[in-house]
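So the chains spell out like this:
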Amino acid sequence: MINKTEITATLLMRYTLFIALVCVIGMGCGSYSQPSQSTYKTHRVQQGETIYSIAKEYGLSENAIYRLNPDAREGISANSVLILPSTAEKITTEEGRSFKTHRVQRKETLFSIAQEYNTTVDEIKKYNKHLYAAQLKKGEKLQIPVGTKPTVVTDDNSNASNSETSGPVHVVQPKETSFGIARKYGLTLAELRALNPELPENLPIGYTLTVKEEAVVTSAVIEENEFDFYEVQPKEGFYRLKVKLGLSEEEIVALNPYAKNGLKEGMILKIPKENSTETGEALGTIDLERSITNRDTKRLAVMLPFMLNRVTSDSTSQRESILKQQRTVRVALDFYSGVLMAAEFAKDQGISVNLQVFDTEASEQRVRSIIGANNLQNTQAVIGPLLQKNVERAAADLKRDNVPVFSPLSNRNIDLSSNLFQTLPTDDMLKEAMLDYLERNTADKNVLLITDKRHQASKTAVLEIIPQVKSIMPREKGFLYQTDIAGKLDTTGKENWVILESSDPVLVSNVVGLLNGMPETYRLRLFTLDKGDVYDYDDISNMHLANLSFTFPSISKHYQLDEKEPFLVSYKNKYGVMPNRFAVRGFDITYDILLRLASTDDDMYDAVKSDYETEYIGNKFRYNKKFFSGYQNQALYIIRYNKNLDLEVVE
């Protein structure tokens with residue numbers, strides 16, 4: 001482990017912000033600490049009790065108890081005393097009944113919660129009286145009566161019309177839903193409703209439904225804790241579901257054998273609950289600074305390639321040479337400066353931070369050595385390493401202790417082990433987001449698609465969602481004439497949207513120039529599914545892109561350096577320069593991790609279960625658990641150039 005100030009003194013000589021900071025190697029990392037404001041209560045262990053039973057008794061997670069009582073991992077004995085959070089309360093009993101606390105999840109209803117706990121809606125309302133006058137809200141906690149099986153009363157005459165049908169029928173069993181029954185018989189939900197026009201929203205047990213002749217799966221009930229139902233949307237194929245749900249075609253078919261012949265609109269799929277997603281519903285962005293409930297010390301580790309092994313003397317020229325030659329070192333230092341700012345901002349919120357910093361030397365073997373030589377099993381999050389192979393190695397070696405590892409800067413398709421968090425959306429996600437935007441907004445537009453031979457996959461994807469698109473291929477020498485485009489433009493007043501898919505700077509420059517030379521009455525706009533680096537070439541004018549309202553998907557948003565944003569002001573005051581995108585990303589990732597830990601019981605896995613987004617200076621985060629894999633950030637932006645040459649967020 002190395003000291004943060006030692007890094008800056010050794011490698012940041014070219015930045016005036018760190019010139020005066022010098023310390024000795026091996027001092028150990030600094031800790032941003034404040035006295036904890038928490039108070040605690042105790043529990044004396046009774047004969048036969050376990051950590052699991054005590055956690056259940058107080059409605060806590062086992063990790064919450066272990067965090068305050070590390071020795072309890074070795075076992076507990078009668079009459080020993082455990083420290084518990086002050087908020088812990090025993091689950092109450094009344095009239096011989098026990099109660100369990102349930103946190104309401106997205107899309108849950110009183111009926112579905114009653115079914116889950118084998119009780120009734122009236123029973124839940126009885127002990128949560130506000131529900132007589134108020135609607136159920138996601139995130140609220142309910143007291144659920146448990147331990148007594150309610151009597152379910154069904155009306156024999158309520159389903160008379162269906163019981164008289166001559167076709168095959170299905171009698172609703174406990175825990176069955178419309179989705180599950182439709183899936184069992186290979187029906188879409190629309191087809192099931194067409195067969196049963198009076199289909200109620202909540203199916204009572206014993207209700208009779210008209211169905212098809214034969215079932216295609218054995219059961220209409222799924223394991224509620226592990227799986228969910230997903231209804232295939234219009235024009236969705238296996239590719240789009242892979243991007244949306246993180247499931248390959250093989251995985252979908254394995255769970256839904258009847259999908260082997262292809263997907264159709266309305267088809268009901270069984271998917272792991274961790275992969276379920278919402279369609280057509282905007283996810284809320286929340287401010288976690290207002291949700292802080294836990295100010296205990298947060299234990300983070302940062303692994304970055306500072307390359308201190310190449311510093312052999314105190315020579316300033318040698319350090320400057322390393323900085324000039326090693327882009328990775330420059331990126332690491334900028335990122336690290338953002339990490340430090342995040343720790344300071346957390347301290348301002350009363351959150352203590354213990355930060356361990358390690359130099360990976362850009363070496364996989366060095367990463368293994370760091371993990372082997374340091375006790376990181378109680379670390380709540382590891383940020384880094386930067387390089388793909390190194391972050392995969394760190395995640396693999398820390399998996400046994402279930403330590404979360406965050407990949408900060410690589411958006412390649414890395415091997416997501418169960419404890420690995422990919423903070424950057426993948427290229428496929430960016431393309432899918434742009435396709436979705438185009439699909440929703442091109443109904444009244446004249447759409448042109450210009451692609452080269454290397455981007456035929458993009459052409460196929462666009463044709464799937466916009467069948468009426470007018471396709472243009474460059475001429476033999478890789479360019480177009482104005483007449484090639486003008487002949488396909490609408491001149492009656494419609495907007496002309498041009499989608500350009502190419503990584504060839506010659507073709508991109510050619511098309512951008514041609515479009516700018518056309519009359520404003522054509523109402524032209526330019527789009528791409530993948531901006532890449534090609535639009536940064538000098539031959540491509542930002543003014544021309546602004547004239548075309550150039551629109552593209554992006555992992556981050558632009559921020560104005562003259563904004564009076566606290567982070568930008570604080571960074572400039574501390575370091576004397578404005579932060580670049582790597583410094584901003586270091587701040588955003590680290591501050592998000594700290595606030596998520598502070599808004600939960602120091603459990604990062606619990607902190608990413610909710611469906612909210614968080615957003616900071618240039619990045620936003622919404623993690624989704626992948627099937628038998630790790631976590632993927634799915635939050636991104638659609639950006640466009642405006643007339644002032646600014647990059648503004650479209651959505």
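Everything in this summary refers to the structure shown in the same document. Being a predicted model, the structure only gives us computed values, none of them experimental. (Residues numbered from 1 in each chain as written. Predicted model: local features only at pLDDT ≥ 70, side-chain atom pairs only at ≥ 80, totals over all residues. Heavy atoms only, no water.)

**A short note on helix α13 (residues 364-373)**
- Among the residues of α13, those classed as buried are Val367, Ile370 and Ile371. The buried residues of α13 occupy an angular sector of 95° when projected down its axis, which confines them to one face. Facing away from the buried side of α13, by more than 90 degrees, are the exposed residues Gln365, Gly372 and Ala373.
- As for α13, its buried residues are in contact with β11 (298-304), β12 (353-359) and α14 (388-398).
- Residue Ser363 occupies the N-cap position of α13, its side-chain oxygen lying 3.3 Å from the main-chain nitrogen of Gln365. (Buried < 20%, exposed > 50% of the residue type's maximum accessible area, 1.4 Å probe, protein only. Helix = DSSP H or I, 4+ residues; strand = E, 2+ residues; numbered from the N terminus. Arc of directions from axis to C-beta. Contact = heavy atoms within 4.5 Å. Polar contact = N/O pair within 3.5 Å; in protein donor to acceptor, adjacent residues only side chain to side chain.)

**Describing the pairing of strand β20 (residues 551-554)**
- Here β20 shows two buried faces, one formed by Thr551 and Pro553 and the other by Phe552 and Ser554.
- Of the strand pairs in this sheet, β20 and strand β25 (residues 637-641) are connected by 4 bridges, and their pairing is antiparallel. Residue pairing across strands places Thr551 opposite Arg640, the latter belonging to β25. (Pairing = 2+ DSSP bridges.)

**Thoughts on the pattern of salt bridges**
- Per the counting criterion, the structure on display carries 19 salt bridges.
- Across the pair Arg366 and Glu361 runs a salt bridge, and its minimum N-O distance is 3.9 Å.
- Residue class for Glu361 comes out partly exposed when judged on its relative accessible area of 25%.
- Salt-bridge contacts for Glu495 lead to Arg523; the nearest nitrogen and oxygen are separated by 3.4 Å. Note that Glu495 is positioned in the loop between α17 (482-486) and β18 (496-501) and Arg523 in the loop between α18 (505-516) and β19 (524-527), a separation of 28 residues in sequence.
- Take Glu495: its relative accessible area is 21%, and that puts it in the partly exposed class.
- What emerges from the salt-bridge pattern is a single network uniting Glu364, Arg368, Arg393 and Asp397. (Salt bridge = Lys/Arg side-chain N within 4 Å of Asp/Glu carboxyl O.)

**A look at the side chain of Asp490**
- Following the sequence through the fold, Asp490 ends up in the loop between α17 and β18.
- As a buried residue without a salt bridge, Asp490 has its nearest oppositely charged side chain in Lys494, at a separation of 5.3 Å.
- A polar contact of 3.4 Å, which involves the side chain of Asp490, links it to the backbone nitrogen of Gly493. (Lys, Arg positive; Asp, Glu negative; His and termini not counted.)

**Re the layout of surface pockets**
- If you add up the space inside the second largest pocket, you get close to 1300 Å³.
- Lining the second largest pocket are 36 residues, and of these Asp533, Ile555, Ser556, Arg581 and Phe582 lie nearest its centre.
- Residue assignment for the lining of the second largest pocket shows that the elements contributing at least two residues are α12 (327-348), α15 (427-441), β20, α21 (581-598) and β25.
- No other element matches the 4 residues that α21 contributes to the lining of the second largest pocket.
- Residue classes in the lining of the second largest pocket are distributed as 15 nonpolar, 11 polar and 10 charged. (1 Å grid on protein atoms, 1.4 Å probe; cavity = no way out; pocket = protein on both sides within 12 Å on 5 of 7 lines; lining within 4 Å. Points joined across faces, edges and corners; volume = space filled by probe spheres on them. Nonpolar A, V, L, I, M, F, W, Y, C, P; charged D, E, K, R; others polar.)

**Here's the deal with the packing of aromatic side chains**
- Counting across every chain of the model gives 24 aromatic pairs.
- Aromatic side chains Phe345 and Tyr591 sit 6.1 Å apart centroid to centroid with 80° between the ring planes, which places their arrangement in the edge-to-face category. Of this pair, Phe345 sits in helix α12 while Tyr591 sits in helix α21, and the two are 246 residues apart along the sequence. Assigned by exposure class, Phe345 and Tyr591 land together as buried.
- Looking at Arg525, its charged tip hangs above the ring of Trp497, at a distance of 5.0 Å from the centre.
- In this arrangement the basic side chain of Lys620 is found over the ring face of Tyr637, its NZ or CZ atom lying 4.4 Å from the centre. (Phe/Tyr/Trp six-rings, centres within 6.5 Å; stacked < 30°, edge-to-face > 60°. Lys NZ or Arg CZ within 6 Å of the ring centre and 35° of its normal.)

**A closer look at the nonpolar core**
- Residues Phe567 and Ile593 are the most contacted members of the largest nonpolar core, which totals 56 residues.
- Mapped by element, the contributors of at least two residues to this core are β11, α12, β12, β13 (381-383), α20 (566-575), α21 and α22 (604-607).
- The element that contributes the greatest number of residues to this core is α12, accounting for 13 residues.
- Beyond its immediate chain neighbours, meaning those up to four positions away, Phe567 contacts Met341, Phe345, Pro579, Ala583, Val584, Phe587 and Ile617.
- Ile450, Leu480, Val534 and Tyr641 belong to the second largest nonpolar core, which has 29 residues in total. (Core = buried A, V, L, I, M, F, W, Y, C linked by side-chain atoms within 4.5 Å.)

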